[in-house]
Amino acid sequence: MRYPQRTGRLYVPRRKARLATAAVLVATTLAACGGGQDGGAEAGAPKAPATIPELTKDPLTLSFIWFDWPPAHALEDFANAEYAKERSNVTVKVNTVPNANWHDAMFTQFAARKTDFDIPILDSQHIGEAVTNGNILDITDFVQKNIDVKAYNPYLLAAYGQFPQAETGKRDENAKLYGLPLLGDTWTMIYRKDLIGDKPPQTWDEMISVAEKCQADNPGVSGLAFHQANGSDAAAVTYNTVNGVYGGNLWDPKTRKIDGVLNDAAGQEAMEVLVNKMKPLTAKGSGNWFIDEVNAAVAQGKACIAFNWIAASGGLLDPKQSTLGTTREQILDKLGFATLPSQKTNLVPLGGMGMHVSAYSAKANQAEALNFMKWFERPDIQKKWAAAGGVPARTDALESPEFLNAGPFNKVYADSVPRMRDMWNVPEYARLVDIENTNVNAALNGAKQPKAALDDIAREQQGVLDSSGRKGGGGL
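Fair warning: this is a prediction, and the values are worked out from it, not measured in the lab.

Turning next to the confidence of the model for the protein chain. Across the protein chain, the average pLDDT comes to 89, with 89% of residues at or above 70. Taken together, the stretch residues 1-42 has pLDDT below 50 and engages in 106 contacts with residues farther than four places along the chain or on a different chain.

Bringing the environment of Ile-136 into the picture now. Note that Ile-136 resides in the loop between α5 (127-132) and α6 (140-146). Linking Ile-136 and His-356, residues 220 residues apart in sequence, is a C-alpha distance of 6.5 Å. Residues in contact with Ile-136, not counting those within four places in the same chain, are Ala-45, Pro-46, Phe-110, Pro-120, Leu-122, Ala-130, Val-131, Tyr-178, His-356, Val-357 and Ala-359.

Residues Trp-66, Trp-204, Ile-305, Phe-307 and Phe-372 are the most contacted members of the largest nonpolar core, which totals 149 residues. When residues of this core are assigned to domains, at least three map to each of domain 1 (60-185 + 351-421) and domain 2 (186-349 + 426-469). Those residues within four positions of Trp-66 in sequence are excluded, and the remaining contacts are Pro-71, Ala-72, Leu-75, Val-94, Asn-95, Thr-96, Val-97, Trp-102, Ile-121, Leu-182, Leu-183 and Met-353.

Reading across from one edge, β2-β1-β3-β12-β6 is the order of the 5 strands in this open sheet, with mixed pairing throughout. Of all strands in the sheet, those with a lone pairing partner are β2 (90-97) and β6 (180-185), marking the two edges. Strand-to-strand twist in this sheet, taken as the mean axis angle between neighbours without regard to direction, amounts to 20 degrees. Most of the contacts of helix α7 (residues 154-161) go to β6, to which it runs at about 105 degrees, and overall it touches β6 and β12 (351-355).

Now for the sheet that holds strand β8 (residues 222-225). Read across the open sheet, the 4 strands follow the order β8-β9-β7-β10; overall the sheet is mixed. The two strands at the open ends of the sheet, each matched to only one other strand, are β8 and β10 (335-338). Sheet twist, expressed as the average angle between the axes of neighbouring strands with direction ignored, equals 15 degrees. Sheet topology note: the strand β7 (residues 187-192)/strand β9 (residues 303-309) ladder contains 5 bridges and is antiparallel.

Below, the discussion takes up the pairing of strand β3 (residues 119-123). The buried fraction of β3 is high, at 5 of 5 residues. Both faces of β3 are covered, namely the face carrying Ile-119, Ile-121 and Asp-123 and the face carrying Pro-120 and Leu-122. Sheet topology note: the strand β1 (residues 60-67)/β3 ladder contains 2 bridges and is parallel. In the strand pairing of β3, Ile-65 is matched with Pro-120.

Moving on, we get to the packing of aromatic side chains. As enumerated under the stated definition, the model contains 21 aromatic pairs in all. With a centroid separation of 5.2 Å and 85 degrees between ring planes, the pair formed by Phe-107 and Phe-110 is classed as edge-to-face. Remark: Phe-110 and Phe-107 occur in helix α4 (residues 102-112); sequence separation between them is 3 residues, near one turn of the helix. Here the two residues Phe-107 and Phe-110 agree in accessibility, since each one is buried. Seen in terms of ring centroids, Trp-187 and Phe-307 are 5.9 Å apart; in terms of plane orientation they differ by 25 degrees. Their pairing is stacked. Separated by 120 residues along the polypeptide, Trp-187 in strand β7 and Phe-307 in strand β9 bring together distant segments of the chain. Each member of the pair Trp-187 and Phe-307 is classed as buried. Of the aromatic side chains, those joined through ring pairs into one cluster are Phe-64, Phe-78, Tyr-83, Phe-372, Trp-375, Phe-376 and Trp-385. Here the guanidinium or amino end of Arg-394 rests over the ring plane of Tyr-152, the centre of that ring lying 5.9 Å away.

What counts, and at which threshold
Residues numbered from 1 in each chain as written. Predicted model: local features only at pLDDT ≥ 70, side-chain atom pairs only at ≥ 80, totals over all residues. Heavy atoms only, no water. pLDDT = per-residue confidence, 0-100. Contact = heavy atoms within 4.5 Å. Helix = DSSP H or I, 4+ residues; strand = E, 2+ residues; numbered from the N terminus. Core = buried A, V, L, I, M, F, W, Y, C linked by side-chain atoms within 4.5 Å. Buried < 20%, exposed > 50% of the residue type's maximum accessible area, 1.4 Å probe, protein only. Domains from an automatic or database assignment. Pairing = 2+ DSSP bridges. Axes fitted to C-alpha atoms, helices over the stretch in contact; angles between N-to-C directions. Phe/Tyr/Trp six-rings, centres within 6.5 Å; stacked < 30°, edge-to-face > 60°. Lys NZ or Arg CZ within 6 Å of the ring centre and 35° of its normal.

What follows is the structure, given as structure tokens:
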């Protein structure tokens, strides 16, 4: 998201806090009691009414929870400026926590069956865990009555609200919906036009070759900058992106098979490319870089080509943070933003989040949450959101001049939507991503050989899925 007032650096901790032991124990117990098998989703999730109940006229605070980054603050500003025009008695508060604590901050409260938030902002992969444990409302009937689902790319509705997902990008109209899109996102390739030319590389192999030459020709400038940290989903998303463009798969969702799929020939090639071709083109000491560090390298003129989330890239155009120019225009003379290069496929990573309704909020707050969601997804509000710097989900808003002209990254996102691939949308997501982060980071930092790291990921992740007892799965 690119809000005009977003000038400060994005705060993202470098290290991921391990899942809080108490929260995991409680949540695991609840999952065993309330769901986790194929019928658990329907059995565990309470239903929201199709018709929004009568709204209170008393003062009410509608609370969100998200991690601490500029889009969270932008959402609060936008909602209090625009939603208040229709609901003057409502104050919107977006509570934030460090990124590393985001999952636990929500699911610890979910496990206690009491939340101080009404609308949790969930990563797409968090939905399965929340649904299985009955933490968020089933809003299927509400959506059918109040939301024009045909106005959205089916992928976005599925990714940010549907569970289970049989296959990424395929909306199952018979499946339940538990959320609606809030913020779309994907990676953009950021490149130095003054160093490599105006035309961005078109293939992944060409990108590596161009970055290698740029690094050789420009001492002190690294060829590449990308996420490598063992935190959040940093290193995992990087590997999954390379895996995708080289024709690999993360798993077979129908059989829940990872071992033998992730680490097949395509998966091994992707890991070799990442560790032995891309890593040598990064700066020394970059083995735990994430969003902030990549942005800093670009802003300081220390990277030829970088990869980062679009929603985190707005500060790159701020002259106060950049050494590339004293005005936005001067910076854009040197920086280009493009969709990711293709190779054997043209897949790109899904980012962004959806908004959901806590099953433990007061009835008046749940009603207000549903009203807010209906309001937010209106075409006029989505276009206002786009004009203000948000990343909307409705197709008409994505294609609107309000969105496409609002920033240099916006066309990148619009062009990337048909190419998106997500991770595993299953309740075991947190454990799966932790395994992958740890091992990819180890390979990038020389602690493991690439093949050993990938085989360990496949074996350990397979063990997690096998021990869950679930059948079938969703995500890819």
